[in-house]
Amino acid sequence: GAGVSQSPSNKVTEKGKDVELRCDPISGHTALYWYRQRLGQGLEFLIYFQGNSAPDKSGLPSDRFSAERTGESVSTLTIQRTQQEDSAVYLCASSKRAGGVNTQYFGPGTRLTVL
Amino acid sequence: GESVGLHLPTLSVQEGDNSIINCAYSNSASDYFIWYKQESGKGPQFIIDIRSNMDKRQGQRVTVLLNKTVKHLSLQIAATQPGDSAVYFCAENIRGGGSQGNLIFGKGTKLSVKP
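Residue positions are counted from 1 within each chain, in the order its sequence is given. Whichever chain is written first becomes A and whichever ligand is written first becomes 1, with later ones labelled in order. The model is predicted, so local features are restricted to residues of pLDDT at least 70 and side-chain atom pairs to those at 80 or more, both for listing and for counting; the totals for chains, interfaces and linings are taken over all residues. Derived side-chain values reflect all non-hydrogen atoms in the structure, with water molecules and hydrogen atoms excluded from consideration.

Visitor: So, the state of the cysteines: which residues are in play, and what are the values?
Guide: Residues and elements named next belong to chain A. Pairs of cysteine sulfur atoms within 2.5 Å are identified as disulfides in what follows. Summed over all chains, the structure comprises 2 disulfides over all chains. Disulfide pairing places cysteine 23 opposite cysteine 92 at an S-S distance of 1.8 Å. Around the S-S axis, the bridge from cysteine 23 to cysteine 92 shows a dihedral of about -65 degrees and counts as left-handed. With cysteine 23 in strand E3 (residues 19-24) and cysteine 92 in strand E8 (residues 88-95), the pair connects residues that are 69 residues apart, well separated along the chain. Helix numbering and strand numbering both begin at the N terminus, where a helix is a DSSP run of H or I of at least 4 residues and a strand a DSSP run of E of at least 2.

Visitor: Got a sec to walk through the layout of surface pockets? Specific residues and values, please.
Guide: Using protein atoms alone on a 1 Å grid, points that fit a 1.4 Å probe yet trap it form a cavity, whereas open point sets bounded by protein on both sides within 12 Å along at least five of seven lines form a pocket; residues with an atom within 4 Å of a point count as lining. Grid points are joined across faces, edges and corners, and a volume is the space filled by probe spheres set on the points. One number sums up the size of the largest pocket: a volume of about 640 Å³. Forming the boundary of the largest pocket are 32 residues, of which A:Leu39, A:Arg111, B:Glu39, B:Ser40 and B:Gly41 lie nearest the centre. Every element with two or more residues in the lining of the largest pocket is listed here: E8 and strand E10 (110-114) of chain A together with strand E8 (86-94) and strand E10 (109-114) of chain B.

Visitor: Mind laying out the sheet that holds strand E5 (residues 56-58) of chain B, listing which residues take part and the relevant values?
Guide: All names here are of chain B. Between any two strands, pairing holds if DSSP finds at least two bridges. If you walk across this open sheet you meet the 4 strands as E2-E7-E6-E5, and the pairing is antiparallel. Looking at strand neighbours, the two that pair on one side only are strand E2 (19-24) and E5, the edges of this open sheet. Averaged over all adjacent pairs, the angle separating strand axes in this sheet is 15 degrees, with direction ignored. Of the strand pairs in this sheet, E5 and strand E6 (residues 62-67) are connected by 3 bridges, and their pairing is antiparallel. In the sheet register, lysine 56 faces E6, and the bridge partner there is leucine 65. The axes are straight lines fitted to the C-alpha atoms, using for helices just the contacting stretch, and the angles between their N-to-C directions are given from 0 to 180°.

Visitor: Please set out the confidence of the model for chain B residue by residue, giving values where relevant.
Guide: Residue and element names in this part refer to chain B. As a per-residue quantity, pLDDT reports the predictor's confidence and falls between 0 and 100. Summarising the model, chain B shows a mean pLDDT of 87, and 87% of its residues fall at 70 or more. Ranking the elements of chain B by mean pLDDT puts strand E9 (residues 104-105) last, at 86, and E5 first, at 97. Note on contacts: a residue pair is in contact if any heavy atoms of the two residues lie within 4.5 Å. When the criterion is pLDDT under 50, residues 1-6 qualifies, and its contacts beyond four places in sequence or with other chains add up to 15 contacts.

Visitor: How would you explain the pairing of strand E4 (residues 31-37) of chain A if you had to name every residue and give the values?
Guide: Put simply, side chains in a regular strand alternate between the two faces of the sheet. All names here are of chain A. Note on classification: 1.4 Å probe, protein chains only; a residue is buried when its accessible area is under 20% of the maximum for its type, exposed when over 50%, partly exposed between these limits. The element E4 is largely enclosed, with a buried count of 7 among its 7 residues. Going residue by residue along E4, you find Ala31, Tyr33, Tyr35 and Gln37 tucked away on one face and Leu32, Trp34 and Arg36 tucked away on the opposite face as well. The sheet contact formed by E4 and strand E5 (residues 44-50) spans 6 bridges and is antiparallel. Pairing of tyrosine 35 across the sheet is with phenylalanine 45, part of E5. Sheet analysis places E4 next to E8, joined by 7 bridges and oriented antiparallel.

Visitor: Which residues make up the side chain of A:Arg36, and what are the values?
Guide: Residues and elements named next belong to chain A. By secondary structure assignment, the location of arginine 36 is in strand E4. The class for arginine 36 is buried, based on a relative accessible area of 5%. Apart from the residues within four sequence positions on either side, arginine 36 is in contact with Gly42, Leu43, Glu44, Leu46, Pro61, Phe65, Glu85, Asp86, Ala88, Val89 and Tyr90.

In structure tokens:
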């Protein structure tokens, strides 16, 4: 079956512009996660969604970052007024549910470059 | 193989040798552990998992060892090949979940295989 997909694969933008990153989770997965990964570093948790529950936004670095998810399908991560320090790979993952023994499956990521 | 600071530690091995990547986890309530492999330009890929009621699990050329006494996890790769070159992340699931969804990720270790 299809894995997690993300688009675009690469995004170059100018400082101050808004960007939207898209994630399509594995069908049937109720949990969806966003991470940021700076060059040569580990995974930085941003936000996760579990079904229709309120998302856990505890990892969002500033109010310029927001994310939405429609039901148990597509999610969009929006970064407003982008800054150069936002340059990173943004990874999305999904799992059957959050909590318990659940493996997260990752998409290929979106590489964001802010000039 | 421990991760410190902002940059990933690197483990260099000769092709054909065995590799051991280590990870210290933080929470004694963690009940499930996963190793991920991330190749350059790709998202993390599931390799192998282990539940806390086990101390060893084997896959194809990989073995995960769990020592709950000292909260230590290791990934052993037999007969390391150039295709094993990647960054390896451990992740733990804390029983009852919490922030960051269900998994807490380590900072990663870069494995470099010399031909």
